[in-house]
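Listed here are the chains, written in short residue letters.
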Amino acid sequence: MPDQPTPLPYLIIDFDSTFTQVEGLDELADIALENSPEREKIVGQIRALTDRGMSGELGFAESLKQRLALLPARREHLPLLVERLQGKVSESIRRNRSFFEQFPGRVYIVSSGFREFIEPVVGEFGIAPEFVLANTFTFDKDDHITGFDPDNVLSRDGGKIEQLRRLHLTGPVYVLGDGYTDYQMREAGLADRFYAFTENVARPAVVAQADKVLPSFDEFLYQNKLPMSLSYPKNRIKVLLLENPDPRAAELLRQEGYQVELVPGGLDEDELVERIEGVSLLGIRSKTQVTARVLEAANRLIGIGAFCIGTNQIDLTECLKKGVAVFNAPFSNTRSVVELALGEILLLARRVPEKNALMHAGKWDKSAGGAFEVRGKKLGIVGYGNIGSQLSVVAEAIGLQVFYFDIAEKLQLGNATRCRTLAELLAQADIVTLHVDGRPENTNLFGAEEFARMKPGALFLNNARGPVVDVPALAAALRSGHLDGAAVDVFPYEPKTNDEPFESELRGLPNVLLTPHIGGSTAEAQRNIAEFVPERLMQYINTGNTQQSVNFPNIQLPEQAAHRLMHIHHNVPGVLAQINQVLAAHSVNILGQYLKTNEHIGYVITDVDKQYEPALIEKLREIEHTIKFRVLY
Ligand SMILES: NC(=O)C1=CN([C@@H]2O[C@H](COP(=O)(O)OP(=O)(O)OC[C@H]3O[C@@H](n4cnc5c(N)ncnc54)[C@H](O)[C@@H]3O)[C@@H](O)[C@H]2O)C=CC1
Ligand SMILES: O=C(O)CCC(=O)C(=O)O
């Protein structure tokens, strides 16, 4: 946050759809009509009248009169309404409650809504009744709401203007609101600025008149260098999402208040270099290469979300050196890949790819030649991680004997047999399936030599990564008849978009199933990923939690009523000591401190007393070997 607070101007804040997320009268109608068959219809009519009044399409007094005529509400409904509105205070206003408490006497609520429900809601924020200027209801002897007090200036057209005039405020006056009547105070020359508040509703006619548009109250505080609960407004955080992750991802990130931009398909290095400036969070899938050059151009990048398992497309070490945390979805699509592999094994064993092609060409070839049951056959799994081991379990359930080879020590599941070398596995497996990761050392893990070691007539599957297999060698093994079939989902080069043609030596070979990298492309997997990855990114931004980051030291942090400072530095001796010296020199009390390092960086989270001088932040930033420093809250 900028550190020099300016004197607070008078703030005139609207209530309905600004201070709260909703319109009070719409909610009152909803409550009053709870058991009425007409509820939906009447609430809809009231909403439409509210909108027409707010956008300036219908005179305000007329809109209010027509709404109240439709409203069958009673005094007893008001406490219910207040309770509902207290739960619907705008998010950014709610989180900055202490701001309102700090500046009594500077904030007025000027509303054409009703005092009966506004006062108790804003009162919780320290705004006293004399700073609430609003209409009042009239009631009949049976406590039905009959209308509004016509002597109240706010019930008339131009009422807010007259009300503000009567306040005789001296000094700058800023108006924050979502409606045309809020803008009119500025138009009448009574306010210095009109801020269109769009967190809940953005009315084009109102936005067009605004001096500034506020997607959140944090943005107002930030622009005016006023104290705020967040260190940085969320609406300033730009997210770039590539390769079409499930729409739920953008929805969650937008709900958080971030600006989200979507680019269908992937971007090549040059294109990404051009687009990455100003981006705080980048979301990709398996295609986009995040290289050192891209990271060099990424001047604001904080985190990368890989909406997939594999992260070999990202230069993880360079990310570390730039202080960029990377998160993936390590098991959201595991089951989908396993199901595809199992299906492929069964189809290849029955030569379905070949029979299917013949049938489509009008050829009836009923024969058992080359077809076999998988029961009792040996399945060799190379890479016994999440996918490999899950496949092991389901493959055993249909009678396959499982053998596996992994470079790491792995828990043996069910009756699976561990092979000590790849050669041992290849010599006995009837079907070989790859589930290794795409680390550079795995490039061409399978070439002519490995295929030659496989049993004649064996089947081969690659659902892992394209570069792991030497495709010309695989094609040769299939053409020669040494291998009986293959299923391949991943390729050394994959088209960037669905419009680009697919080229491969494997095209046209019999009993070869080719799929366009869809191992994880199921509704379930994509939805799981779209929830998992944004959650990790948001947690990192909000709390510094790096649990499950693929490159950062993993720290799971407790919640603390404090200021939280995040410091990422090159892993050299003495940085923690320097941080603590700076804190001590500013008499700041440390409430909690968490440090983890890896070979490249040190990651320190420090929770400190609420009170500190802005100069402290500058000093922490200046510490030698600092890569990134952020005040989280
Ligand atoms: N086709 C698709 O759409 C999808 C493909 N994948 C690919 O599948 C890979 C595996 O996924 P998970 O099982 O979740 O990863 P994982 O990290 O849990 O398992 C990978 C295993 O391979 C082992 N390994 C690495 N190199 C090896 C080698 N040379 N020889 C033997 N073992 C080796 C590792 O020790 C590890 O146990 C991912 O990295 C990704 O590349 C993942 C999801 C979808
Ligand atoms: O669905 C994708 O884009 C990639 C899936 C994949 O290969 C992975 O999760 O690693």
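These numbers come from a predicted model, not from an experiment.

As a further point, take the site of ligand 2. Around ligand 2 sit Arg-285, Ser-286, Cys-308, Ile-309, Gly-310, Asn-333, Arg-465 and His-517, and those are all the residues in its vicinity. A distance of 3.4 Å separates an oxygen atom of ligand 2 from a polar atom in the side chain of Ser-286. Within the side chain of His-517, a nitrogen or oxygen atom sits 2.6 Å from an oxygen atom of ligand 2. Across the complex, the protein chains shield 90% of the 300 Å² of accessible surface that ligand 2 would expose by itself. Of the residues assigned to the shell around ligand 2, the class counts are 2 nonpolar, 4 polar and 2 charged.

Buried residues dominate helix H2 (residues 24-32), accounting for 9 of its 9 residues. Looking only at H2, the buried set comprises Gly-24, Leu-25, Asp-26, Glu-27, Leu-28, Ala-29, Asp-30, Ile-31 and Ala-32.

The 6 strands are arranged S3-S2-S1-S6-S7-S8 in an open sheet whose pairing can be described as parallel. Both edges of this open sheet fall to strand S3 (132-135) and strand S8 (212-214), since each of them pairs with a single strand only. Taken over all neighbouring pairs, the strand axes of this sheet differ in orientation by 20 degrees on average, direction set aside. Of the strands in this sheet, strand S2 (107-114) and S3 touch helix H8 (residues 115-123), which is tilted by about 145 degrees from S2. Across the sheet, helix H9 (residues 159-167) touches strand S1 (10-13), S2, S3 and strand S6 (173-177), and the angle it forms with S2 is around 150 degrees.

Here we take up the pairing of S2. Here S2 lies mainly inside the structure; 8 of its 8 residues are buried. Neither face of S2 is open: one carries Val-107, Ile-109, Ser-111 and Gly-113, the other Tyr-108, Val-110, Ser-112 and Phe-114, and all of them are buried. Where S1 meets S2, 3 bridges bridge the pair, whose relative direction is parallel. Bridging across to S2, Leu-11 finds its partner in Val-107. Two strands pair when backbone bridges link them, and S2 and S3 are joined in this way by 3 bridges, in the parallel orientation. Of the residues in S3, the one forming a bridge with Val-110 is Leu-133. For the handedness criterion, the β-α-β arrangement of S2, H8 and S3 is classed as right-handed.

What counts and how
Residues numbered from 1 in each chain as written. Chains lettered and ligands numbered in written order. Predicted model: local features only at pLDDT ≥ 70, side-chain atom pairs only at ≥ 80, totals over all residues. Heavy atoms only, no water. Near = heavy atom within 4 Å. Polar contact = N/O pair within 3.5 Å; in protein donor to acceptor, adjacent residues only side chain to side chain. Areas by Shrake-Rupley, 256 points an atom, 1.4 Å probe, with all protein chains shown as cover. Nonpolar A, V, L, I, M, F, W, Y, C, P; charged D, E, K, R; others polar. Buried < 20%, exposed > 50% of the residue type's maximum accessible area, 1.4 Å probe, protein only. Helix = DSSP H or I, 4+ residues; strand = E, 2+ residues; numbered from the N terminus. Pairing = 2+ DSSP bridges. Axes fitted to C-alpha atoms, helices over the stretch in contact; angles between N-to-C directions. Contact = heavy atoms within 4.5 Å. Right-handed = clockwise from strand over helix to strand, strands pointing away.

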